[in-house]
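Given next are the chains, with one letter for each unit.
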Amino acid sequence: MQTKITELRKKLKLTQQDLADAVEVSRQTIISLEQGRYNPSLELAQKISKVLRAKKIEDVFIFD
C-alpha cells in the first residue's frame, strides 16, 4: 500500500518519532508504513490520519 505519510508528516515538521509517539507505535512501524511494507489496522490508520490533519483516511493511504 502506498501512503502520503512522509509528505504530510514533513509538511507538519514532525519527525518519525514524533508521529510514532502521537499514535503510540514504534518508530520502526512508521518507517515500515512509509515504505509500504506494512498495512495498518483501521484504528491505526485513523489515528495517523488525525495526527496528520487529513480529512479522511484516503487522503493519507492509497488503496490499490
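Structure: above.
Owing to the predicted nature of the structure, the values given are computational and were not obtained by experimental measurement. (Residues numbered from 1 in each chain as written. Predicted model: local features only at pLDDT ≥ 70, side-chain atom pairs only at ≥ 80, totals over all residues. Heavy atoms only, no water.)

Some details on the overall build of the protein chain
Okay, so step 1: What the protein chain contains, in helices and strands, is four helices and two strands.
Okay, so step 2: Taking 11 Å as the expected radius of gyration for a compact globule of 64 residues, we find that the protein chain reaches 10 Å, a close match to that expectation.
Okay, so step 3: For the protein chain, the spread of C-alpha atoms along the principal axes amounts to about 25 × 20 × 20 Å.
Okay, so step 4: Within the protein chain, the proportion of its 64 residues that are buried is 36%.
Okay, so step 5: At a minimum sequence separation of 6, the contacts of the protein chain that also span at least 24 residues come to 50%.
Okay, so step 6: Just so you have it, the protein chain exposes about 4,300 Å², and 46% of that area is on carbon and sulfur atoms.
Okay, so step 7: The centroid of the 12 positive side-chain charges in the protein chain is displaced by 5 Å from the centroid of its 9 negative side-chain charges. (Helix = DSSP H or I, 4+ residues; strand = E, 2+ residues; numbered from the N terminus. Rg over C-alpha atoms; globule rule 2.2 N^0.38 Å. Buried < 20%, exposed > 50% of the residue type's maximum accessible area, 1.4 Å probe, protein only. Contact = heavy atoms within 4.5 Å. Areas by Shrake-Rupley, 256 points an atom, 1.4 Å probe, with all protein chains shown as cover. Lys, Arg positive; Asp, Glu negative; His and termini not counted. Charge placed at Lys NZ, Arg CZ, Asp CG, Glu CD.)

Here's the deal with the packing of helix α2 (residues 16-23) against helix α3 (residues 27-34)
Okay, so step 1: Contact geometry of α2 with α3 gives a least axis separation of 8 Å together with a crossing angle of 110 degrees. By the criterion of interaxial angle, the relationship of α2 to α3 is roughly perpendicular. Contacts between α2 and α3 pair Q16, Q17, L19, A20 and V23 from the former with R27, I30, I31 and E34 from the latter.
Okay, so step 2: Taken together, the residues that form the contact of α2 with α3 break down as five nonpolar, two polar and two charged. (Axes fitted to C-alpha atoms, helices over the stretch in contact; angles between N-to-C directions. Parallel < 35°, antiparallel > 145°, perpendicular 65-115°, else oblique. Nonpolar A, V, L, I, M, F, W, Y, C, P; charged D, E, K, R; others polar.)

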